[in-house]
Structure formats: structure tokens, C-alpha cells
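Coordinates in review
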Amino acid sequence: MKFNANTFGNIFKRKGKLISCMKEVHRELEYQVSCNLVRLEKELQENYNETLTQEEIFWFQKSCEKWIKFGNKNTKFFHT
């Protein structure tokens, strides 16, 4: 948990911040188009995609942890 917090931070908060920043940039792009805004939008989109990948890995690792901890629960009842 400490490694995750120090290395990645809170993925879900970062995802929310990126979404709100992208919304603001899209609002600004509706009124005026500039190279800086387009570049910023591209950077935010790349960061967002990276965050989504990290979130996907996080949930995969969490599911594996639960499977190891609690087992498969694949009992005879379900096989019949």
C-alpha cells in the first residue's frame, strides 16, 4: 500500500482531476482554437489513457489477490 501510494498516488483522484481539466480545455476550445490548447488537450489525453491503464492493472491485481486469499469457491454444488 505504501509503495502504491508513493509511486502512483491515488489513481482515482488523478483520473477525476484529468477529466475536469479536459472538460475545461474543451470549453476553451469551443471559443478559441490555439496551438497551446490543442497541445495541452493531447497531453491530458495521453495522461488519461495512462491512468486508465494503471487503473485496469490495479483492478486485475486486486482480483488476483482476492482469489489467492479466499480461493476459487468452485464447490461440488456448482458442478452438479
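Residues numbered from 1 in each chain as written. Predicted model: local features only at pLDDT ≥ 70, side-chain atom pairs only at ≥ 80, totals over all residues. Heavy atoms only, no water.

Let's talk about the overall build of the protein chain
Check the secondary structure of the protein chain and you find 4 helices and 0 strands. Along the protein chain, from the amino end to the carboxyl end, the secondary structure elements read α-α-α-α. By the burial criterion, 14% of the 80 residues in the protein chain qualify as buried. Taking as baseline every contact in the protein chain between residues at least 6 positions apart, the subset at least 24 positions apart corresponds to 62%. As displayed, the protein chain has an accessible area near 7,200 Å², and 59% of this comes from carbon and sulfur atoms. (Helix = DSSP H or I, 4+ residues; strand = E, 2+ residues; numbered from the N terminus. Buried < 20%, exposed > 50% of the residue type's maximum accessible area, 1.4 Å probe, protein only. Contact = heavy atoms within 4.5 Å. Areas by Shrake-Rupley, 256 points an atom, 1.4 Å probe, with all protein chains shown as cover.)

Examining the nonpolar core
The biggest cluster of nonpolar side chains holds 7 residues, and these are Leu18, Met22, Val25, Leu29, Leu37, Leu44 and Tyr48. Those elements that place two or more of their residues in this core are α2 (11–31) and α3 (35–70). With 4 residues, α2 is the single largest residue contributor to this core. Every residue in contact with leucine 29, bar those within four places of it in the chain, is listed here: Ser34, Leu37, Val38 and Glu41. (Core = buried A, V, L, I, M, F, W, Y, C linked by side-chain atoms within 4.5 Å.)

Just geometry here; none of it tells us what the structure is for.
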